Amino acid sequence: MARLKTSGIQSRKEQILDQAAALFKTKGFNATTMRHLAEHLQMEAASLYNHISSKEELLRDICFFVADQFNEHLAQIEADPFPPAQKIENLLRFHIHMLITRHNEVYVSNRDWKHLKEPHLSNFLQTRRQYENRLAAIVQQGIELGQFRRVHPHVATLAMLSTVRSIEYWQRSKRQISSRQVAEDLITLILKGMEQ
């Protein structure tokens, strides 16, 4: 799977992936053509195929890049000795960080995954379900320890994830609210709503 770098000199493939994510976000996956991407990158369409085989490959690389980032971070959190409330806060901070710094990729992963072809579609959906189950297990621990209210852990998980995704509205908003303020307020609202 492709690795998109966040700093340093990007390879041509990484530049292509970045631009593809931006185009998929603005035009939509179905409406974006390889010709659009080539024009956007100021290169010949034939040259584009030296780096990638298809538009579907780009979508697959973007979706699994995002999934890998979240799963790697979750594995670190699971290994930490922190109490569940601290683990959830750390996870929320990472989600917010990804939504702000890798917005195009996360946006495409959240919306265009349905265009993945098999077996990648099934693999991606299984990866998402496993992630949600692991997150719900942390919530369940918090409930058992009396840190969180007695709610269904999967309901809490879905509520957390959808609340964090509301950052997309902030990014389209004309209001001048700093990313730090948005992050702190969202985390406060989510954790206070869950606290016992």
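Please refer to the structure higher up on the page.
Attention now goes to the overall build of the chain. When you go through the chain residue by residue, the secondary structure sums to 10 helices and zero strands. Overall, the chain shows an N-to-C arrangement of helices and strands of α-α-α-α-α-α-α-α-α-α. Projecting the C-alpha coordinates of the chain onto the three principal axes gives extents of approximately 60 × 40 × 30 Å. Every one of the 196 residues in the chain was classed for burial, and the buried ones make up 43%. Counting only contacts in the chain whose residues sit at least 6 apart along the sequence, the fraction spanning at least 24 positions is 68%. Carbon and sulfur atoms form 50% of the exposed surface of the chain, whose accessible area is close to 10,800 Å². Treating the 26 positive side-chain charges of the chain as one cloud and the 21 negative ones as another, the clouds have centres 5 Å apart.

Time to look at the pattern of salt bridges. Any two side chains of opposite charge can pair, so long as their charged atoms come close to each other. In the structure shown here, the tally under the stated rule is nine salt bridges. Two residues, Glu184 and Arg93, come together in a salt bridge whose shortest N-O distance is 2.8 Å. Here Glu184, found in helix α10 (residues 179–194), pairs with Arg93, found in helix α5 (residues 84–101); they are 91 residues apart in sequence, far enough to count as distant. Judged by its relative accessible area of 30%, Glu184 is partly exposed. When the shortest N-O distance is used, the salt bridge between Arg111 and Glu168 registers 2.9 Å. Pair noted here: Arg111 is in helix α6 (residues 103–112) and Glu168 is in helix α9 (residues 167–172), with a separation of 57 residues, a long-range link. A relative accessible area of 28% means that Arg111 is categorised as partly exposed. Because the salt bridges share partners, they merge into one network encompassing Lys13, Glu57 and Asp61.

So, about the packing of aromatic side chains. Applying the stated rule across the entire model yields four aromatic pairs. With a centroid separation of 5.7 Å and an interplanar angle of 90°, the aromatic rings of Phe70 and Phe94 are classed as edge-to-face. Separated by 24 residues along the polypeptide, Phe70 in helix α4 (residues 55–79) and Phe94 in helix α5 bring together distant segments of the chain. Note on Phe94: relative accessible area 15%, which makes it buried. When the ring centre of Tyr107 is taken as origin, the NZ or CZ atom of Lys25, which lies over that ring, is 5.2 Å away. The aromatic ring of Phe29 is capped on one face by Lys55, whose charged end is 4.4 Å from the ring centroid.

The next thing to look at is the nonpolar core. Membership of the largest hydrophobic core comes to 32 residues, with the highest contact counts inside it found for Ile88, Leu92, Val139 and Met160. Secondary structure elements with two or more residues in this core: α4, α5, α7 (120–144), α8 (153–164), α9 and α10. Each residue touching Leu92, except ones within four places of it in the same chain, is listed here: Met160, Val164, Ile187, Ile190 and Leu191. Within the second largest apolar cluster, 24 residues are counted, among which are Met34, Leu37, Ile62 and Ala67.

What counts, and where the lines are drawn
- In this numbering scheme, every chain counts its residues from 1 along its sequence in written order.
- Restriction of local features to residues with pLDDT of at least 70 applies here, the model being predicted, together with a cutoff of 80 or more for giving and counting side-chain atom pairs; totals for whole chains, interfaces and linings are based on all residues.
- No hydrogens and no water enter the side-chain calculation; it runs on all heavy atoms of the structure.
- Numbering of helices and strands starts at the N terminus; helices are DSSP runs of H or I of at least 4 residues and strands are runs of E of at least 2.
- Throughout this description, buried means an accessible area under 20% of the type-specific maximum (1.4 Å probe, protein chains only), exposed means over 50%, and partly exposed covers the range between.
- In what follows, residue pairs with any heavy atoms lying within 4.5 Å of each other are defined as contacts.
- Each accessible area is a Shrake-Rupley estimate made with a 1.4 Å probe; only the visible protein chains count as cover when residues are assessed.
- Charge counting treats Lys and Arg as positive and Asp and Glu as negative, with His and both chain ends excluded.
- Working definition for charges: the position is that of NZ of Lys, CZ of Arg, CG of Asp or CD of Glu.
- A pair is scored as a salt bridge if a Lys or Arg side-chain nitrogen falls within 4 Å of a carboxyl oxygen belonging to Asp or Glu.
- Pairing of aromatic rings covers Phe, Tyr and Trp, the last counted by its six-membered ring, and requires centre-to-centre distances within 6.5 Å; plane angles under 30 degrees mean stacked, over 60 mean edge-to-face, and any other angle means tilted.
- By definition, being over a ring means that NZ of Lys or CZ of Arg is both within 6 Å of the ring centre and within 35 degrees of the ring normal.
- Among buried residues, the Ala, Val, Leu, Ile, Met, Phe, Trp, Tyr and Cys ones that are joined through side-chain atoms within 4.5 Å form a nonpolar core.

These results come straight from atomic positions and should not be treated as a statement about function.
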